[in-house]
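# Coordinate inspection notes
Each chain, written out:
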Amino acid sequence: MGAVGDEPSTSGSGGEKPRRTRRTRMTGAERRQQLLDIGRTLFAEKGFEGTSVEEIAAKAGVSKPVVYEHFGGKEGLYAVVVDREMQRLLDMVTSSLTAGHPRELCEQAAFALLDYIEEYTDGFRVLVRDSPVTQSTGTFASLISDIATRVEHILAKEFKARGFDPKLAPLYAQALVGSVALTGQWWLTTRKPKKADVAAHLVNLAWHGLGNLEAKPRLIGHRKA
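Below, the structure is looked at part by part. Because the structure is predicted, anything quoted here is derived from the model rather than measured. (Residues numbered from 1 in each chain as written. Predicted model: local features only at pLDDT ≥ 70, side-chain atom pairs only at ≥ 80, totals over all residues. Heavy atoms only, no water.)

### So, the overall build of the chain
Across its full length, the chain holds nine helices and zero strands. Across the 225 residues in the chain, those meeting the buried criterion constitute 40%. Surface summary for the chain: the accessible area is close to 13,500 Å², and the carbon and sulfur share equals 53%. (Helix = DSSP H or I, 4+ residues; strand = E, 2+ residues; numbered from the N terminus. Buried < 20%, exposed > 50% of the residue type's maximum accessible area, 1.4 Å probe, protein only. Areas by Shrake-Rupley, 256 points an atom, 1.4 Å probe, with all protein chains shown as cover.)

So, in structure tokens, the structure goes:
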């Protein structure tokens, strides 16, 4: 009996040529997604400078021209990876803001960022790396600024209700979102304490300030982990 492989043995004795098993070819969209996934992993691990088109192509099992055909080069692939991850994080934060109480909204925003770090670790590593490719509209700092803009109206409403100047809401929004983002970068590698505790302490600081910290901060929303 012939060995099982790409070329099965000839059937009959008429010298018929063996038939090759056809590989299932990827569609253009599937190949593009494969290259994006491979690129994100390599950029997260090695950074932009440490990753080459040759390595991306080899991991995908294709030639270099295929990468150029889809993205025009390493820079184009990197730009698409960054753009997609920025949009994913922004969508996660924006969609999380559903509560009515301002403190719970702070909790939800903190959880959204920590969820993203936990579920899309490679994407977050790519976002926080510096690269000559990213422009002023495509950096982690600009992303944090975008998120802060989405939540500043929440602070403005709360400021007005408490008799504070609502014009200061953008400043506080930048400060709060920035502190969560920097803490997220630290938690990316430590992963301690657990996510719910990180969220609770972040909101504790944001809500009470250093002068009125709770000794054992608690979460008031429905999420406890």
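On we go.
### Considerations on unusual backbone geometry
Put simply, Lys-192 and Pro-193 share a cis peptide bond, and its omega is -5 degrees. Examined against the element boundaries, Pro-193 turns out to sit in the loop between helix H8 (169–190) and helix H9 (195–208). Within the chain, Arg-191 stands out as a residue other than glycine whose phi angle is a positive 55 degrees. Given the relative accessible area of 31%, Arg-191 is considered partly exposed.

### Things to note about the pattern of salt bridges
Evaluation of the coordinates by the stated rule reveals nine salt bridges. Because the salt bridges share partners, they merge into one network encompassing Asp-37, Arg-40, Glu-85 and Arg-88. (Salt bridge = Lys/Arg side-chain N within 4 Å of Asp/Glu carboxyl O.)

### Describing the environment of Leu-42
With respect to the helices, strands and loops of the structure, Leu-42 is situated in helix H1 (residues 28–46). Those residues in contact with Leu-42, other than ones at most four positions away along the chain, are Gly-47, Thr-51, Glu-55, Ile-56 and Lys-59. (Contact = heavy atoms within 4.5 Å.)

### A few points about the packing of aromatic side chains
For any pair of aromatic rings, the description rests on two quantities: the centre-to-centre distance and the angle between the ring planes. On inspection of all chains with the given rule, the structure shows eight aromatic pairs. Ring-pair connections join several aromatic residues into one group, and the members of that group are Tyr-116, Tyr-120, Phe-124 and Phe-140. The ring of Phe-48 carries the charged tip of Lys-74 above its face, separated from the ring centre by 4.2 Å. A cation over an aromatic ring shows up here: Arg-88 above the ring of Tyr-120, its NZ or CZ 4.1 Å from the ring centre. (Phe/Tyr/Trp six-rings, centres within 6.5 Å; stacked < 30°, edge-to-face > 60°. Lys NZ or Arg CZ within 6 Å of the ring centre and 35° of its normal.)

### Looking at the nonpolar core
Counting residues in hydrophobic clusters, the biggest one holds 59 residues, and the most contacted among them are Ile-56, Leu-89, Leu-127, Phe-140, Leu-143 and Ile-147. The residues touching Phe-140, leaving out its near neighbours within four places in the chain, are Leu-89, Phe-124, Leu-127, Val-128, Ala-181 and Gln-185. (Core = buried A, V, L, I, M, F, W, Y, C linked by side-chain atoms within 4.5 Å.)

### Brief notes about the side chain of Asn-204
Within the secondary structure, Asn-204 is located in helix H9. Leaving out residues up to four positions away in the same chain, Asn-204 has contacts with Gly-209, Leu-213, Glu-214 and Pro-217.

### Quick look at helix H6 (residues 121–128)
When H6 is considered as a whole, its buried residues turn out to be Thr-121, Gly-123, Phe-124, Val-126 and Leu-127. Summarising the contacts, the buried residues of H6 are in contact with H1, helix H4 (74–96), helix H5 (102–119), helix H7 (140–161) and H8.

### Here we look at the side chain of Thr-51
Examined against the element boundaries, Thr-51 turns out to sit in the loop between H1 and helix H2 (53–60). Only 3.3 Å separates the side chain of Thr-51 from the backbone oxygen of Leu-42, close enough to count as a polar contact. Residue contacts for Thr-51: discarding those within four places in its chain leaves Leu-42, Phe-43, Lys-46, Ile-56 and Lys-74. (Polar contact = N/O pair within 3.5 Å; in protein donor to acceptor, adjacent residues only side chain to side chain.)

### Observations regarding H1
An ideal rise of 1.5 Å per residue puts 27 Å on 19 residues; H1 measures up with 26 Å between its terminal C-alpha atoms. Turning to H1, its buried residues are Arg-31, Gln-34, Leu-35, Leu-36, Ile-38, Gly-39, Leu-42, Phe-43 and Ala-44. Buried positions along H1 lie against H2, helix H3 (64–71), H4 and H6. Two residues or fewer past H1, Gly-47 is found with a positive phi of approximately 80 degrees. (Expected span 1.5 Å × (residues − 1).)

### Let's talk about the packing of H1 against H4
Where H1 contacts H4, the axes come no closer than 10 Å and their chain directions differ by 85 degrees. Classified by the interaxial angle, the pair formed by H1 and H4 is roughly perpendicular. Touching Arg-32, Gln-33, Leu-35, Leu-36, Gly-39, Arg-40 and Phe-43 of H1 are Lys-74, Leu-77, Tyr-78, Val-80, Val-81, Arg-84, Glu-85 and Arg-88, all from H4. Looking at side-chain class alone, the contact of H1 with H4 contains seven nonpolar, two polar and six charged residues. (Axes fitted to C-alpha atoms, helices over the stretch in contact; angles between N-to-C directions. Parallel < 35°, antiparallel > 145°, perpendicular 65-115°, else oblique. Nonpolar A, V, L, I, M, F, W, Y, C, P; charged D, E, K, R; others polar.)

### Observations regarding the packing of H2 against H3
To characterise two packed helices, one gives the angle between the axes of the helices and the distance between these axes. One can describe the packing of H2 onto H3 by two numbers: an axis separation of 8 Å at closest approach and a directional angle of 100 degrees. Of the possible angle classes, the one that applies to H2 and H3 is roughly perpendicular. On the side of H2, the interface is formed by Val-53, Glu-54, Ile-56 and Ala-57, while H3 contributes Lys-64, Val-67 and Tyr-68. Taken together, the residues of the contact of H2 with H3 sort by class into five nonpolar, no polar and two charged.

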